[in-house]
Amino acid sequence: MTGQQTRDAHGTDTAALTGRLHHLPASVRLFDRRKPYVWDVTVTLFWVAAALTDYASSGWRRTAQNLDVPDTHLVVLSLGFTLPLLWRRRHPLAVLLATAPFALLNSWSGAILQAHLVQLVPVFSLALHRPLRRLVPASLIVVLPLVPGALRHPLAAWDAAMGPALWGFTLTALLGIAVRSRRDHLASLEDRARRLESERDQQARLAVATERTRIAREMHDIIGHNLSVITGLADGGRYAAAQSPERAAQALNAIGDTSRQALTELRRLLDVLRDDEPAPADLAPQPALADLDRLLDGVRRAGLPVRATVEGEPTTLSPGRQLTLYRVLQEALTNTLKHAGPDATASVTLSYAPSGAVTLTVTDTGRGGTPAVNDGRGLTGMRERTALYGGTLEAGPHPHPGRGWHVHLRLPEESAP
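No experiment lies behind these values; they were computed from the predicted model shown.

So, how was this worked out
Residues numbered from 1 in each chain as written. Predicted model: local features only at pLDDT ≥ 70, side-chain atom pairs only at ≥ 80, totals over all residues. Heavy atoms only, no water. Buried < 20%, exposed > 50% of the residue type's maximum accessible area, 1.4 Å probe, protein only. Helix = DSSP H or I, 4+ residues; strand = E, 2+ residues; numbered from the N terminus. Pairing = 2+ DSSP bridges. Right-handed = clockwise from strand over helix to strand, strands pointing away. Phe/Tyr/Trp six-rings, centres within 6.5 Å; stacked < 30°, edge-to-face > 60°. Expected span 1.5 Å × (residues − 1). Polar contact = N/O pair within 3.5 Å; in protein donor to acceptor, adjacent residues only side chain to side chain. Contact = heavy atoms within 4.5 Å. Axes fitted to C-alpha atoms, helices over the stretch in contact; angles between N-to-C directions. Parallel < 35°, antiparallel > 145°, perpendicular 65-115°, else oblique. Left-handed = near helix turned anticlockwise from the far one by under 90°. Nonpolar A, V, L, I, M, F, W, Y, C, P; charged D, E, K, R; others polar.

## So, the pairing of strand S2 (residues 346-352)
Turning to step 1, where the next piece is worked out: The element S2 is largely enclosed, with a buried count of 7 among its 7 residues.
Turning to step 2, where the next piece is worked out: Note: strand S1 (residues 306-311) against S2, 6 bridges, orientation parallel. Each residue of the ladder has a partner; that of Ala308, found in S2, is Val348.
Turning to step 3, where the next piece is worked out: In terms of handedness, the path from S1 via helix H11 (residues 319-339) over to S2 forms a crossover that is left-handed.
Turning to step 4, where the next piece is worked out: Pairing analysis gives 7 bridges linking S2 to strand S3 (residues 358-364), with the strands arranged antiparallel. Residue pairing in the sheet places Ser347 in a bridge with Thr363 of S3.
Turning to step 5, where the next piece is worked out: The hairpin turn running from S2 into S3, its antiparallel successor, is 5 residues long, and Gly356 in that turn takes a positive phi close to 105°.

## So, the environment of Leu323
Turning to step 1, where the next piece is worked out: Within the element layout of this structure, Leu323 appears in helix H11.
Turning to step 2, where the next piece is worked out: Residues Leu323 and Gln286 lie 37 residues apart in sequence; the distance between their C-alpha atoms is 7.2 Å.

## Topic: the packing of aromatic side chains
Turning to step 1, where the next piece is worked out: All chains considered together, the criterion is met by 1 aromatic pair.
Turning to step 2, where the next piece is worked out: For the pair Phe46 and Trp47, a centre-to-centre distance of 5.2 Å together with 75° between the ring planes defines the contact as edge-to-face.
Turning to step 3, where the next piece is worked out: Relative accessible area serves as the criterion here: at 53%, Phe46 is assigned to the exposed category.
Turning to step 4, where the next piece is worked out: With relative accessibility at 29%, the residue Trp47 sits in the partly exposed group.

## Focus: the environment of Pro36
Turning to step 1, where the next piece is worked out: Assignment of secondary structure puts Pro36 in helix H2 (residues 36-56).
Turning to step 2, where the next piece is worked out: Relative accessible area serves as the criterion here: at 31%, Pro36 is assigned to the partly exposed category.

## Examining H11
The α-helix winds at 3.6 residues per turn, so residues separated by three or four positions along the chain end up facing the same way.
Turning to step 1, where the next piece is worked out: Here H11 is 21 residues long and its end C-alpha atoms lie 30 Å apart, about the 30 Å a rise of 1.5 Å per residue gives.
Turning to step 2, where the next piece is worked out: The positive-phi residue at the C-terminal boundary of H11 is Gly341, with phi of around 90°.

## Looking at the side chain of Thr386
Turning to step 1, where the next piece is worked out: Structurally, the position occupied by Thr386 is in helix H13 (residues 378-388).
Turning to step 2, where the next piece is worked out: Polar side-chain contacts of Thr386 include one of 2.7 Å to the backbone oxygen of Met382.
Turning to step 3, where the next piece is worked out: Non-local contacts of Thr386, meaning those with residues more than four positions away in its chain, are made with Thr324, Gly391, Thr392, Leu393, Leu409 and Leu411.

## Focus: the packing of helix H4 (residues 92-109) against helix H5 (residues 120-129)
Turning to step 1, where the next piece is worked out: Contact geometry for H4 and H5: axes closest at 8 Å, N-to-C directions at 155°. One element, H4, and the other, H5, form an angle in the roughly antiparallel class. Here H4 and H5 pass one another in a crossing that is left-handed. Seen from H4, the contacting residues are Pro92, Leu93, Val95 and Leu96; seen from H5, they are Pro122, Val123, Ser125 and Leu126.
Turning to step 2, where the next piece is worked out: Partitioned by chemical class, the residues of the contact of H4 with H5 number 7 nonpolar, 1 polar and no charged.

Note that every value here comes from positions in space, so none of it alone points to a role or purpose.
Structure (structure tokens):
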């Protein structure tokens, strides 16, 4: 293995280890929520072992005021301080109350077992999970049982028992409050992130619904026009049937072509229209490719130089496909006007392939921002229109640096009805 491969493997292993360590706290929290008793029993047994070890090794004698305390009392005190920890998370204040008699006996007897500092564990749980006002009675539960012993053994009891208890309670409470504040802050950030994600999803759904309603209104005009043509052709063919059968046959052929086109548009309309009560139809005629010159002239008058190029032999496109090309071009140029900045120019290329496919490419020399994404609706509408005819749409910064924004639309050959 070469040196480069060794470095790559080391980097990969380090990244994998870092990822596992990053997910470890979340996995531990998830396991604790599912099986909280495992952690509770583990913590309790740890402190029981620590307390009994302190007793067995006679470590308690270094701080004791009375070395003649019976061993039975020492074992009872050790277990009395530690066994109630099993309920420290669910009932921290009750755990403190349960250990208070043992704290009083510990102080009064002069044993001064260090196990009494285990009372700080439920104090931490209290500061972390319960209302902070409960810290006041908790402080009294921790401190008051030490007073009788300090009065009975005044030689060093104030320093040996009262001092560590007071400082320990204060620091533990502050630590619990700090962890609580950080936890609440992270929870607030997560909640805010969820709300923002929900709002974005809702805005996206509203944008899709709005755009589909607008497309449905436009398709309504196209279908209405085709049905009107069919009606006129049918009336004319009925009158011409008796005198000119050839004219009647031509009318029937035209009715067939127009009706097939209308049925195709109707199928697309039914795929798009989701609302039970569609919005009122816009009665204005919908634009087509013949209106592109007027669109480009308007953009030029607005201050954006546009160069337009047509490649290939123009083919006859259905009104819906022409409308899609028109609207995508309109949206792209509008975004260029709004976001490309001063001195920007645009280039439009409309290409017809011999197979019947048509492509539209719009590029600008602006700052290369993301206009279609910023408003939350432009890109959504362009994709919805493109999907109606099985096309593809690419929108984003131009592949070549410094070339601004790039929109590429391709509509495949229109399939036969």
